[in-house]
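For reference, the chains in residue letters:
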Amino acid sequence: MEIPRHWRLKKQRYGLVGEVCPHCDAKIFPPRDVCPHCGGEAKTAFNFSGRGEVYSYTVMHDAPAGFDQNTPYAVALVKLEEGPVVTAQLTDLGEEQPRIGMPVEMVTRKIREDANERGMLIYGYKFRPVLR
Amino acid sequence: MRDVVIAGIGQIPVGEHWDLSLRTMAARAMLAAIKDGGGMKPQAMYIGNFLSPVLSHQENLGALLTDNAGLTGIEAFTVEAAGASGGAALRVGVNAVASGFIDCALVLGVEKITDMVGSEVEAAVAQSSDYDYEAMTGLSSAGQAALLMQRYLYEYNPPREAFGEFALIAHANGANNPNAFFRKAISREAYASAGMVSDPVNMFDMGPYADGAAAVLLTARDTAPKDLPHPLVRVSGSSVVIDTLALHDRPNPLAFDAACQSVERACSQAGIMPGDVDLFEVCDAFSIYALLSLEAAGLARHGEGWKMAVNGELSINGKLPILTMGGCKARGNPLGAVGVYQAVEAVQQLRGQAGRNQVKDARRALIQSLGGPASTAAAHILERLD
Ligand SMILES: [Zn+2]
């Protein structure tokens with residue numbers, strides 16, 4: 001359930017909205033209260049392009065509750081072209097194996113079904129291989 | 001500042017204790033440590049615990065566990081830092097005694113895992129990561145380790161089977177530890193055919209989560225009982241350091257910066273270099289963590305820590321024995337209790353009570369527990385006093 005918690009994160013989950021530091025211009029995702037680069041206050045919204053490449057990945061076989069119906073699935077560290085790294089599932093891989101350096105782009109997908117808690121569906125970002 | 005010593009130790013075997021409650025497990029370790037320490041009555045107890053609120057629906061452990069063990073009226077509370085909870089509780093105990101505010105403190109590590117099973121436990125353990133931005137992607141703690149291991153394989157190209165050496169060392173040592181969960185050596189073939197948990201982390205690349213309770217009784221050097229049948233062990237270095245919570249926020253996730261800094265600070269207090277210790281109870285919650293911790297401590301160059309394992313340097317008779325009583329892999333991983341088990345095991349070594357796993361002439365030990373992928377790192381130096 002935790003409806004306010006998921007609602008609060010909708011800009012990040014649907015739009016990959018992070019921040020740009022007004023003091024040092026660093027791009028920040030996920031949003032923070034203090035810029036990790038210069039220590040200044042961070043609060044200016046910034047829309048990330050959603051393009052990046054795989055920095056590392058794993059294929060999950062033993063999953064935590066809430067995700068165990070979907071194994072195996074791939075989770076990656078994706079280095080966004082603006083700099084930050086984001087943790088996200090990979091999707092739409094088809095026959096392709098994930099690999100480090102793989103170009104990927106953000107898509108919106110169902111990320112968890114809170115089945116035992118009123119069937120609430122949670123949507124958010126995943127990344128898929130860039131179509132060529 | 002006063003010299004802090006460990007006067008007493010206590011532990012129960014790590015395992016699946018279906019018949020034992022959280023409070024009973026705790027009481028056995030607590031009472032054993034008090035007895036071993038000559039019966040000193042603690043004025044305070046600091047509890048390393050990670051998952052009781054989720055897995056046992058129990059908070060306020062300070063009251064529960066002291067009350068149950070007949071210690072009502074003392075100061076007691078929980079210290080939580082995920083898998084580093086035990087190390088962090090030890091840090092709090094050391095501070096309390098060193099400062100002079102407390103003359104005798106009990107440090108307890110306790111974790112009750114088996115009241116829940118499987119994916120529920122995985123979900124609970126994943127709370128050591130950033131829930132909103134890591135756990136909500138379906139990443140588990142094993143998954144975090146896998147992200148590091150995959151990147152390590154990519155950057156340094158070690159032989160894949162080299163990771164298995166950490167499990168082999170742990171099991172060889174666990175075989176001789178009556179308090180270990182798994183007491184059987186394993187083969188390279190068994191490692192090679194182990195099922196995947198979170199590719200490339202296989203079942204033998206991670207320690208099994210299991211129930212456990214361990215305790216140490218701390219006091220000042222000059223307030224310790226004079227007639228103990230065993231030598232005192234001094235805590236000569238103590239530190240807790242944090243890194244970013246999430247792996248994705250680190251410029252170089254393989255650096256394990258907090259692991260590095262916690263060893264540096266503890267060693268600097270003790271006036272030694274990391275290489276000056278006779279054994280290292282490193283965190284092997286996942287084999288990649290043990291490897292990265294060795295490198296972070298400066299004991300091996302980045303990308304080369306696995307060579308120490310392959311060359312036999314980390315075995316009981318090697319240059320720097322690790323996981324001397326089985327580590328998380330074979331002793332078992334009771335999460336928030338790990339840091340206290342490490343302290344108990346190091347004291348066994350320093351007293352000469354480690355049986356067939358005795359490290360010859362062990363006088364000084366380094367112990368380090370990690371919360372998440374070294375998001376928190378707690379390191380201590382323990383030295384035998386004669
Ligand atoms: Zn800035």
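Residues numbered from 1 in each chain as written. Chains lettered and ligands numbered in written order. Predicted model: local features only at pLDDT ≥ 70, side-chain atom pairs only at ≥ 80, totals over all residues. Heavy atoms only, no water.

Looking up chain B in an unreviewed UniProt entry gives the name Acetyl-CoA acetyltransferase, with the organism given as Leptolinea tardivitalis.

As annotated in an unreviewed UniProt entry, chain A carries the name Transcriptional regulator and is attributed to Leptolinea tardivitalis.

**Q** Sorry if this is basic, but what is going on with the overall build of chain A here?
**A** Within chain A, the secondary structure is distributed over 2 helices and 8 strands. Principal axes of the C-alpha set define a box for chain A whose edges measure 45 × 40 × 25 Å. The burial tally for chain A puts 48% of its 132 residues in the buried class. Here the analysis covers contacts within chain A between residues at least 6 apart in sequence; of these, 49% occur between residues at least 24 apart. Summed over its atoms, the accessible surface of chain A is roughly 6900 Å², and 49% of this surface lies on carbon and sulfur atoms. (Helix = DSSP H or I, 4+ residues; strand = E, 2+ residues; numbered from the N terminus. Buried < 20%, exposed > 50% of the residue type's maximum accessible area, 1.4 Å probe, protein only. Contact = heavy atoms within 4.5 Å. Areas by Shrake-Rupley, 256 points an atom, 1.4 Å probe, with all protein chains shown as cover.)

**Q** Hey, could you run me through the UniProt feature "domain: ChsH2 C-terminal OB-fold" (unreviewed entry) in chain A in this one?
**A** Per the UniProt record, the feature "domain: ChsH2 C-terminal OB-fold" (unreviewed entry) sits at residues 49-109 of chain A. Along residues 49-109 of chain A the backbone is 0% helical and 51% strand, and the end-to-end C-alpha distance reaches 17 Å. (UniProt positions renumbered as here; feature names shortened; annotations may be inferred.)

**Q** What should I look at first to understand the packing of helix α6 (residues 141-156) of chain B against helix α10 (residues 287-296) of chain B in this one?
**A** The geometry of a pair of packed helices is captured by two quantities: the angle between their axes and the separation between those axes. Residue and element names in this part refer to chain B. Following both chains from N to C, one finds α6 and α10 inclined at 55°, their axes separated by 9 Å at the closest point. It follows from the interaxial angle that α6 and α10 lie oblique. Seen from above, α6 lies across α10 with left-handed handedness. Taken together, the residues of α10 that come into contact with α6 (itself represented by Ser-141, Gln-144, Ala-145, Leu-148, Met-149 and Tyr-152) are Ile-288, Tyr-289, Leu-291, Leu-292 and Glu-295. Considering only residue class, the contact of α6 with α10 consists of 8 nonpolar, 2 polar and 1 charged. (Axes fitted to C-alpha atoms, helices over the stretch in contact; angles between N-to-C directions. Parallel < 35°, antiparallel > 145°, perpendicular 65-115°, else oblique. Left-handed = near helix turned anticlockwise from the far one by under 90°. Nonpolar A, V, L, I, M, F, W, Y, C, P; charged D, E, K, R; others polar.)

**Q** Could you clarify how one ought to interpret the sheet that holds strand β3 (residues 44-47) of chain A in this entry?
**A** Working definition: the strands of a sheet are paired by backbone hydrogen bonds and lie parallel or antiparallel to each other. Residue and element names in this part refer to chain A. The strand order across the open sheet formed by 3 strands is β2-β1-β3, and the pairing between neighbours is antiparallel. Strands with a single pairing partner mark the edges of an open sheet, and in this sheet they are β2 (27-28) and β3. Bridge count for strand β1 (residues 17-20) against β2 is 2 bridges, and the pairing is antiparallel. Within β2, the position partnered with Glu-19 by the bridge is Ile-28. (Pairing = 2+ DSSP bridges.)

**Q** So what exactly am I meant to see when it comes to the interface of chain B and chain A here?
**A** Every contact between the two is made by 28 residues of chain B and, on the other side, 37 residues of chain A. Between chain B and chain A, the buried area comes to about 2900 Å², and carbon and sulfur atoms account for 57% of it. Contact with chain A buries surface across chain B, with Tyr-133, Met-136 and His-248 of chain B losing the most and accounting together for 24% of the total. Viewed at the interface, chain A and chain B are joined by 2 salt bridges. Measuring nitrogen to oxygen at the nearest pair gives 3.0 Å for the salt bridge that ties Arg-32 of chain A to Asp-249 of chain B. Our count for the chain B to chain A interface comes out at 17 residue pairs in polar contact (both at pLDDT 80 or more). At the level of elements, α5 (118-125), α6 and β5 (196-199) of chain B are the ones that each hand at least two residues to the side of chain B that touches chain A. Pairing analysis gives 2 bridges linking strand β4 (residues 51-60) of chain A to β5 of chain B, with the strands arranged antiparallel. Looking at β5 of chain B, one finds that Met-60 of chain A is bridged to Ser-198 of chain B. (Buried area = accessible area lost by both parts, 1.4 Å probe. Salt bridge = Lys/Arg side-chain N within 4 Å of Asp/Glu carboxyl O. Polar contact = N/O pair within 3.5 Å; in protein donor to acceptor, adjacent residues only side chain to side chain.)

**Q** Looking at this structure, I do not really get the domain arrangement of chain A. What am I missing?
**A** Interface size is often expressed as the accessible area that is lost when the parts come together. All names here are of chain A. We note that the domain assignment places domain 1 (1-48) and domain 2 (50-132) within chain A. Relative placement of domain 1 and domain 2: their C-alpha centres are 20 Å apart. At the interface, 13 residues of domain 1 touch 19 residues of domain 2. Buried surface at the junction of domain 1 and domain 2, both sides included, amounts to about 1300 Å², of which 68% is carbon and sulfur. The tally of links from domain 1 across to domain 2 stands at 2 residue pairs in polar contact (both at pLDDT 80 or more). The set of elements that each furnish at least two residues to the side of domain 1 that touches domain 2 consists of α1 (3-8), α2 (10-15) and β2. When the residues that make up the side of domain 1 that touches domain 2 are grouped by side-chain class, the tally is 8 nonpolar, 3 polar and 2 charged. (Domains from an automatic or database assignment.)

**Q** Teacher, can you tell me more about the coordination of the zinc ion here?
**A** When a metal carries six donors in an octahedron, the ideal angles between them are 90 or 180 degrees, while four donors in a tetrahedron ideally lie at 109.5 degrees. Residue and element names in this part refer to chain A. Coordination of the zinc ion by the protein involves Cys-21 (SG), Cys-24 (SG), Cys-35 (SG) and Cys-38 (SG), with metal-donor separations of 2.3 Å. Considering all 4 donor atoms around the zinc ion, the spread of angles at the metal, 104 to 113°, places the coordination shape in the tetrahedral class. Read from N- to C-terminus, the donor residues coordinating the zinc ion fall into the pattern C-x2-C-x10-C-x2-C. By relative accessible area, which is 2% here, Cys-35 ends up buried. (Donors = N, O, S within 2.8 Å, 3.2 Å for Na, K, Ca; no water. Tetrahedral: all angles 85-135°; square planar, octahedral: opposite > 155°, others 65-115°.)

**Q** How should the sheet that holds strand β1 (residues 4-11) of chain B be read in this particular structure?
**A** All names here are of chain B. Taking strand neighbours across the sheet as the criterion, the 9 strands line up as β3-β2-β4-β7-β1-β8-β11-β10-β9 in an open arrangement whose pairing is mixed. At either end of the open sheet lies a strand with only one pairing partner, and these are β3 (75-79) and β9 (279-281). Strand-to-strand twist in this sheet, taken as the mean axis angle between neighbours without regard to direction, amounts to 25°. Relative to strand β7 (residues 212-220), strand β4 (residues 104-111) runs antiparallel, the two being bridged by 8 bridges. When the bridges of β7 are listed, Leu-108 appears paired with Ala-215.

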